[in-house]
Amino acid sequence: MGNVYVFDHPLIQHKLTYIRDKNTGTKEFRELVDEVSTLMAYEITRDMPLQDVTVETPVATAKCKVLSGKKLGLVPILRAGLGMVDGILKLIPAAKVGHMGLYRDPDTLEPVHYYSKMPTDIGERDLIVIDPMLATGGSASEAIRSLKELGAKSIKLMCLIAAPPGIERVRKDHGDVDIYVAAVDEKLDEKSYIIPGLGDAGDRLFGTK
Ligand code: URA
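Residues numbered from 1 in each chain as written. Predicted model: local features only at pLDDT ≥ 70, side-chain atom pairs only at ≥ 80, totals over all residues. Heavy atoms only, no water.

Draft legend 1. Region of the structure containing the packing of aromatic side chains. Under the definition given, this model contains 3 aromatic pairs. Ring centres of Tyr5 and Tyr180 lie 5.0 Å apart, and the angle between their planes is 15°; on these two criteria the pair is classed as stacked. In this pair, Tyr5 is assigned in strand β1 (residues 4-6) and Tyr180 in strand β11 (residues 178-184), connecting sequence segments 175 residues apart. Between Tyr103 and Tyr114, the aromatic rings sit 6.2 Å apart at their centres with planes inclined by 35°, giving tilted as the arrangement. With Tyr103 in strand β6 (residues 99-104) and Tyr114 in strand β7 (residues 111-117), the pair connects residues that are 11 residues apart, well separated along the chain. The class of Tyr103 is partly exposed, set by a relative accessible area of 41%. Residue class for Tyr114 comes out partly exposed when judged on its relative accessible area of 45%. Each member of the aromatic cluster is reached from another via a ring pair, and the members are Tyr5, Phe7 and Tyr180. (Phe/Tyr/Trp six-rings, centres within 6.5 Å; stacked < 30°, edge-to-face > 60°. Helix = DSSP H or I, 4+ residues; strand = E, 2+ residues; numbered from the N terminus. Buried < 20%, exposed > 50% of the residue type's maximum accessible area, 1.4 Å probe, protein only.)

Structure, rendered in structure tokens:
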């Protein structure tokens, strides 16, 4: 069963409070999501492998470490996932970015693919699927399923806020996928919004309604 990691760093929690606040406008919301994404990327990359190197300092030879070159890939689920990409790329600029567009069919409520463009070598990359709001888990689970179908072998899921049903769904469908969140909220309402949540992440990021 995959693990759930809640990033309770004070800076993440502080910024998340203002992200939740309905009085936070689009510009500030976007900036805060960007900052939290960078902080979360710092935590999520803790297990990146290192290799030994030596460098010449001005006065001696130093035994040091550098990242061992494991390839990363970010896969934001459109459209709200886009709001977290730049913040992560600030720390991992070499990561490739695949885009996955999913919408929920209004009749069946099942996720439907409308766009997908992935790096060709996703089977060799550690992928981070990005979905700010893990509500029912339907989109995230389908995104992970289709990435596995395309050959992905290593996948993490990164969200701002998760609700218990979304966590349960992803853990049930994909026991090999760890979930990284800034907060786990109480529940979903009748329209599958996370309560207390932050409202519609896409609308708040892009100033739509
Ligand atoms: N998507 C959102 O943007 N917000 C929610 O609360 C749930 C899903």
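Having put the structure on the table, let's press on.
Draft legend 2. Up close: the pairing of strand β3 (residues 61-67). The buried count for β3 comes to 0 of 7 residues, which makes it a mostly uncovered element. Pairing of strand β2 (residues 50-56) with β3, which is carried by 7 bridges, proceeds in the antiparallel orientation. Residue pairing for β3: Glu56 is matched across the bridge by Thr61. Taken together, β2 and the strand that follows it, β3, pair antiparallel across an intervening segment of 4 residues. (Pairing = 2+ DSSP bridges.)

Draft legend 3. Spotlight on the environment of Leu72. Locating Leu72 in the fold gives a position in strand β4 (residues 72-78). Put simply, Leu72 and Glu124 are 52 residues apart on the chain and 8.5 Å apart in space, counted from C-alpha to C-alpha. When near neighbours in sequence (up to four residues on either side) are disregarded, Leu72 contacts Met48, Ile92, Ala95, Lys96, Arg125 and Asp126. (Contact = heavy atoms within 4.5 Å.)

Draft legend 4. Representation of the site of the ligand. Around the ligand sit Met133, Ala135, Ser192, Tyr193, Ile194, Gly199, Asp200 and Ala201, and that is every residue in its neighbourhood. A distance of 2.8 Å separates a nitrogen atom of the ligand from a polar backbone atom of Gly199. Here an oxygen atom of the ligand sits 2.7 Å away from a polar atom, N or O, in the main chain of Ala201. Computed on the free molecule, the ligand has an accessible area of 240 Å², of which 82% lies beneath the protein chains in the complex. For the shell around the ligand, the per-class residue count stands at 5 nonpolar, 2 polar and 1 charged. (Near = heavy atom within 4 Å. Polar contact = N/O pair within 3.5 Å; in protein donor to acceptor, adjacent residues only side chain to side chain. Areas by Shrake-Rupley, 256 points an atom, 1.4 Å probe, with all protein chains shown as cover. Nonpolar A, V, L, I, M, F, W, Y, C, P; charged D, E, K, R; others polar.)

Draft legend 5. A look at the nonpolar core. Of all hydrophobic cores here, the largest spans 34 residues; its most connected members are Ile19, Met40, Leu160 and Leu198. Residue assignment for this core shows that the elements contributing at least two residues are α1 (10-20), α2 (26-44), β4, α3 (82-89), β8 (126-130), β10 (154-162), β11 and α6 (201-206). Examining the composition of this core, we find that 7 residues originate from one element, α2, more than from any other. If sequence neighbours within four positions are ignored, Leu160 has contacts with Val33, Val36, Met40, Met84, Asp131, Pro132, Val181, Ala182, Ala183 and Leu198. Grouped together as the second largest cluster of nonpolar side chains are 23 residues, Ile77, Met100, Leu147 and Ala152 included. (Core = buried A, V, L, I, M, F, W, Y, C linked by side-chain atoms within 4.5 Å.)

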